[in-house]
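A look at the structure
Chain residues, written in single-letter form:
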Amino acid sequence: MSQPYSIQDEILLPGFTGTVHLPGEAGYDEARRSLNPAVDSRPALIAEAQSVADLRVALLAARAHGVPFAVQATGHGTHAPCDGGILVRTSSMASVLVDPARRIARVGPGARWSEVIAAAAPFGLAPLSGSAPSVGVTGYTLGGGLGWLARKHGFAADSVLRAEVLLADGRHVTASPDSHPELFWALRGGGGGFGVVTSLEFRLYPVPEVYAGFVYFPIEAAARTLEAYRTWIDDAPDEISTAVVLKRMPDDEQVPAAVRGRHVVLLKVLHAGTAEEAGKLLAPLFAAAGPALLDEARTTTYGAAAMGGTPNRHMDMFDTVPGEVVDALVRASEQAQTIEIRHWGGAMGRPGPDAGPVSHRATRLSVIVDTVVPGLAEELRPYANGGTFLNFLADPSRTAAAYTEGDYGRLREVKRAYDPDGFFRVGHVAK
Ligand SMILES: Cc1cc2nc3c(=O)[nH]c(=O)nc-3n(C[C@H](O)[C@H](O)[C@H](O)COP(=O)(O)OP(=O)(O)OC[C@H]3O[C@@H](n4cnc5c(N)ncnc54)[C@H](O)[C@@H]3O)c2cc1C
């Protein structure tokens, strides 16, 4: 009996030099995996690209066969399946070059932040990376990139100097202020729907030592800590980045005994300065919170500061945070594992005249909840500003909410100019 027709029989990748995984073969399940448990992608084939030429072969094959096409570096931000299509993995293309004199890094599409941090550290430099060093540089930066130095130096997207991009028609172009400037604008916060970025060049910053870590308090301190935080953020200098987190600590031997299995409120802090300065700045918050259960904050290197991400099931942005929001969050923490209330502001709210489409920059606080808490979204909505941030948004049907109307309209124009047939259609894409 003949085998049923399958698209894999037709999709060949002549000249492709990397490994190709087909359904049913060893390695396929591992290669299609993303970190988002809700995404169960079943591509017709998965291609491990080794070069720009490989990427072009895969792209043109998907085009020729009219099947979906998607890029994955690490799987940290894969929010839509590439069923029946070609999934190209870039993790082998992880080159990192640091030019310490110009304070610039140039990376391949598979590079992770850990690799850039390690390459830049010997020169006293650091990138604008985020909470998890395992996140991919390109996906993070295309989605804006909100890191622990963002209040001082802005979004990662604001520090991009140029990108090389494989377009939907197979052309390989440079996007910079002088070359394809509209594409360059869109890439700095508009996501991955404009082309395959094959190389990214961005600024690094001198970061000697930082004071960073978590300070834990009993959950009973949550309401008074958040009340104090609401006004404390008004005067916080750009050097200090903080978040208040309501958290149920795992009952796990790796967790310090003082907080193991406990419901806590913790302060995450990264101060680009000394411990003494940080102590003075944080004194009002510590006074409001009362005695700490555990203080892990210390002077360390940027690379050693582990700031821990929060899985995201719900996010809202706020320009003001009234007591009603504080009350709702404290109540929701009875059901959620983690709720992170994070201070924005500083350089994030001062884009240069040529900044990309990262929007809602006046947002003062974001709230991320890792659990769907019934009724919480409705309770918060009247006080939220309606915006969201692409990198914290798992739902591709809400992409437009990450932008102002004007910026989203401009993104759609760039999309029409560079991808008129909508070839890049998986995940966050301007429509
Ligand atoms: C644990 C964790 C912590 C996080 N912390 C932060 C944080 O602190 N700040 C922050 O801003 N974000 C953070 N994020 C969100 C993260 O930045 C996004 O999910 C980002 O998309 C991840 O990129 P990736 O390449 O690692 O993931 P992938 O899943 O491999 O890629 C995600 C998407 O990026 C696009 N993409 C990737 N490579 C390319 C390319 N070469 N060309 C074109 N498009 C491409 C594609 O659209 C792809 O679907 C975090 C996510 C997790 C899971």
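Residues numbered from 1 in each chain as written. Predicted model: local features only at pLDDT ≥ 70, side-chain atom pairs only at ≥ 80, totals over all residues. Heavy atoms only, no water.

The criterion, for reference: UniProt positions are given in the numbering used here, feature names are shortened, and annotations may be inferred rather than shown by experiment.
As annotated in an unreviewed UniProt entry, the protein chain is FAD/FMN-containing dehydrogenase from Nonomuraea thailandensis. What the UniProt record of the protein chain gives under Sequence similarities (unreviewed entry) is the line "Belongs to the oxygen-dependent FAD-linked oxidoreductase family." In its Cofactor (unreviewed entry) section, UniProt records this for the protein chain: "FAD".

1. With respect to the packing of helix H7 (residues 222-235) against helix H8 (residues 275-289)
What counts is decided by this rule: Note on geometry: axes are C-alpha line fits, over the in-contact stretch for helices, and angles between N-to-C directions span 0 to 180 degrees. Each helix is a run of H or I in the DSSP string that is no shorter than four residues. Each strand is a run of E no shorter than two, and both are numbered from the N terminus. Angle categories: roughly parallel below 35 degrees, roughly antiparallel above 145, roughly perpendicular from 65 to 115, and oblique for all the rest. Note: crossing handedness is left-handed where the near helix turns anticlockwise from the far helix by less than a right angle, and right-handed where it turns clockwise. In this analysis, two residues are considered to be in contact whenever any of their non-hydrogen atoms come within 4.5 Å of each other. Residue polarity is assigned by list, with Asp, Glu, Lys and Arg as charged and Ala, Val, Leu, Ile, Met, Phe, Trp, Tyr, Cys and Pro as nonpolar; anything else, Gly included, falls into the polar class.
Closest axis-to-axis distance for the H7/H8 pair is 8 Å, and the angle between their directions is 155°. The angle between H7 and H8 falls in the class roughly antiparallel. With respect to the hand of their crossing, H7 and H8 are arranged in right-handed fashion. Where H7 approaches H8, its residues Arg224, Thr225, Ala228, Tyr229 and Trp232 are matched on the opposing element by Leu281, Leu282, Pro284, Leu285, Ala288 and Ala289. Partitioned by chemical class, the residues of the contact of H7 with H8 number nine nonpolar, one polar and one charged.

2. Digging into the pattern of salt bridges
Rule in force here: By salt bridge we mean one thing: a side-chain nitrogen of Lys or Arg within 4 Å of a carboxyl oxygen of Asp or Glu. Note on exposure labels: buried denotes an accessible area under 20% of the residue type's maximum, exposed denotes more than 50%, and partly exposed covers the range between, all computed with a 1.4 Å probe on protein chains only.
Applying the stated criterion to the full structure yields 23 salt bridges. With a closest N to O distance of 3.5 Å, Arg89 and Glu48 form a salt bridge. With Arg89 in strand E4 (residues 86-89) and Glu48 in strand E2 (residues 45-48), this pair connects stretches of sequence that are 41 residues apart. Between Arg248 and Glu334 there is a salt bridge, with the nearest N and O atoms lying 3.8 Å from each other. Linking Arg248 in strand E13 (residues 240-248) with Glu334 in the loop between helix H9 (323-332) and strand E18 (338-343), this pair joins segments that are 86 residues apart in sequence. Arg248 gets classed as partly exposed once you look at its relative accessible area, which sits at 25%. Linked by salt bridges that have partners in common, Asp99, Arg102, Arg106, Arg162, Glu164 and Glu201 make up one network.

3. Overview of empty space enclosed by the protein
Applicable threshold: Here a cavity means grid points, on a 1 Å grid over the protein atoms only, where a 1.4 Å probe fits yet cannot get out; a pocket means an open set of points with protein on both sides within 12 Å along at least five of seven lines; lining residues are those with an atom within 4 Å of a point. Grid points are joined across faces, edges and corners, and a volume is the space filled by probe spheres set on the points. Bear in mind that the domain bounds are from an automatic or database domain assignment.
Scanning the entire structure with this criterion turns up five cavities of 30 Å³ or more. Taken together, Ile117, Ser129, Gly130, Ser131, Pro133, Trp148, Leu270, Tyr302, Gly303, Ala305, Ala306 and Met307 form the lining of the largest cavity. When grouped by side-chain class, the residues that make up the lining of the largest cavity number eight nonpolar, four polar and no charged. Residues from two domains meet in the lining of the largest cavity; each of domain 2 (96-206) and domain 3 (210-397) gives at least three.

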